[in-house]
Amino acid sequence: MQQDKENNPIKRMAELLRQGATLTDLSCPVCASPLFRIKDGTLWCAKDEKKVIVVKEGEELPKQTAQPNSAYDKLEATLMAKITDIQGKIEKTEDVDELQKLTLALSELLNSVEKIKKMKA
């Protein structure tokens, strides 16, 4: 039953209301689901289970929001450079054991890049 609530956005929305959140007239820019204002003032998308920051046209993102993405961007760029390096090594190698090690490293790097992209979203 607990897992059913976690997989059902309507039940998560109802739970937010029971916990004192307020339904707003805003919708999530990603999924168009209604946004809730939780007790600390944060806007929350129950469907995506993410905090939402509203920025009016002409305003900049708050500093605390912009900085983490910058770190993620730098990390992603570093990992992409490593992926390019490994790609070059894969093209040149004839050794099966070396190829196996390189493809394993490549797979791990790609998984890390995917995680970073999810965190940035």
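Up top is the structure.
Residues numbered from 1 in each chain as written. Predicted model: local features only at pLDDT ≥ 70, side-chain atom pairs only at ≥ 80, totals over all residues. Heavy atoms only, no water.

Asks: Explanation requested: helix α2 (residues 9-18) in the structure shown.
Replies: Helical geometry: 3.6 residues make up each α-helical turn, so side chains three or four residues apart lie on a common side. Looking at α2, one finds that the buried residues are Arg 12, Met 13 and Leu 16. Taken around the axis of α2, the buried residues stretch over an arc of 100°, which confines them to a single face. Looking at α2, the residues exposed on the side facing more than 90 degrees away from the buried face are Ile 10 and Arg 18. Two or three places before Ile 10, at the opening of α2, Asn 8 has a side-chain oxygen 3.0 Å from that residue's backbone nitrogen. Backbone geometry just after α2 places Gly 20 at a positive phi near 100°. (Buried < 20%, exposed > 50% of the residue type's maximum accessible area, 1.4 Å probe, protein only. Helix = DSSP H or I, 4+ residues; strand = E, 2+ residues; numbered from the N terminus. Arc of directions from axis to C-beta. Polar contact = N/O pair within 3.5 Å; in protein donor to acceptor, adjacent residues only side chain to side chain.)

Asks: How do you make sense of the pairing of strand β2 (residues 34-37) when you look at a structure like this?
Replies: Side-chain direction in a regular strand flips from residue to residue, so the side chains alternate between the two faces of the sheet. When strand β1 (residues 22-27) meets β2, the two strands line up antiparallel, connected through three bridges. Looking at the pairing, Ser 27 lines up with Pro 34 of β2. Where β2 meets strand β3 (residues 43-45), three bridges bridge the pair, whose relative direction is antiparallel. Bridge pairing in β3 places Leu 35 opposite Cys 45. Two successive antiparallel strands, β2 and β3, enclose a turn made up of five residues, where Gly 41 displays a positive phi of approximately 95°. (Pairing = 2+ DSSP bridges.)

Asks: What's the story with the sheet that holds strand β4 (residues 50-52) in this structure? I'm lost.
Replies: Each strand in a sheet pairs with another by means of backbone hydrogen bonds, the pair being arranged parallel or else antiparallel. Reading across from one edge, β1-β2-β3-β4 is the order of the four strands in this open sheet, with antiparallel pairing throughout. In the strand order of this sheet, the two ends are held by β1 and β4, each with one partner. Taken pair by pair, the neighbouring strands of this sheet meet at an average axis angle of 45°, ignoring direction. Two elements, β3 and β4, share three bridges in a ladder whose sense is antiparallel. If you follow Cys 45 over to β4, its bridge partner there is Lys 50. Against the sheet, α2 engages β1, β2 and β3, with an angle of about 25° to β2. (Axes fitted to C-alpha atoms, helices over the stretch in contact; angles between N-to-C directions. Contact = heavy atoms within 4.5 Å.)

Asks: I'm lost on the pattern of salt bridges in this one. Help?
Replies: If charged atoms from side chains of opposite charge come close, those side chains can pair. In total, this model carries two salt bridges according to the counting rule given. Here Glu 49 and Arg 12 are joined by a salt bridge, their closest N and O atoms 3.4 Å apart. Here Arg 12 lies in helix α2 and Glu 49 lies in the loop between β3 and β4, a separation of 37 residues in the sequence. By relative accessible area, which is 14% here, Arg 12 ends up buried. The residue Arg 18 makes a salt bridge to Glu 15 at a minimum N-O spacing of 3.1 Å. Of this pair, Arg 18 and Glu 15 are both found in helix α2, three residues apart, which corresponds to roughly one turn of the helix. Overall, the relative accessible area of 60% leaves Arg 18 in the exposed class. With relative accessibility at 22%, the residue Glu 15 sits in the partly exposed group. (Salt bridge = Lys/Arg side-chain N within 4 Å of Asp/Glu carboxyl O.)

Asks: Got a minute to help me understand the nonpolar core in this structure?
Replies: Where a protein is soluble and globular, its nonpolar side chains tend to be buried together. Core analysis: the largest hydrophobic core is formed by eight residues, namely Leu 79, Ile 83, Ile 86, Leu 102, Leu 106, Leu 109, Val 113 and Ile 116. Within the residue set of this core, elements represented by two or more residues are α3 (63-92) and α4 (96-120). At five residues, the largest contribution of residues to this core is made by α4. The residues touching Ile 116, leaving out its near neighbours within four places in the chain, are Tyr 72, Leu 75, Glu 76 and Leu 79. (Core = buried A, V, L, I, M, F, W, Y, C linked by side-chain atoms within 4.5 Å.)

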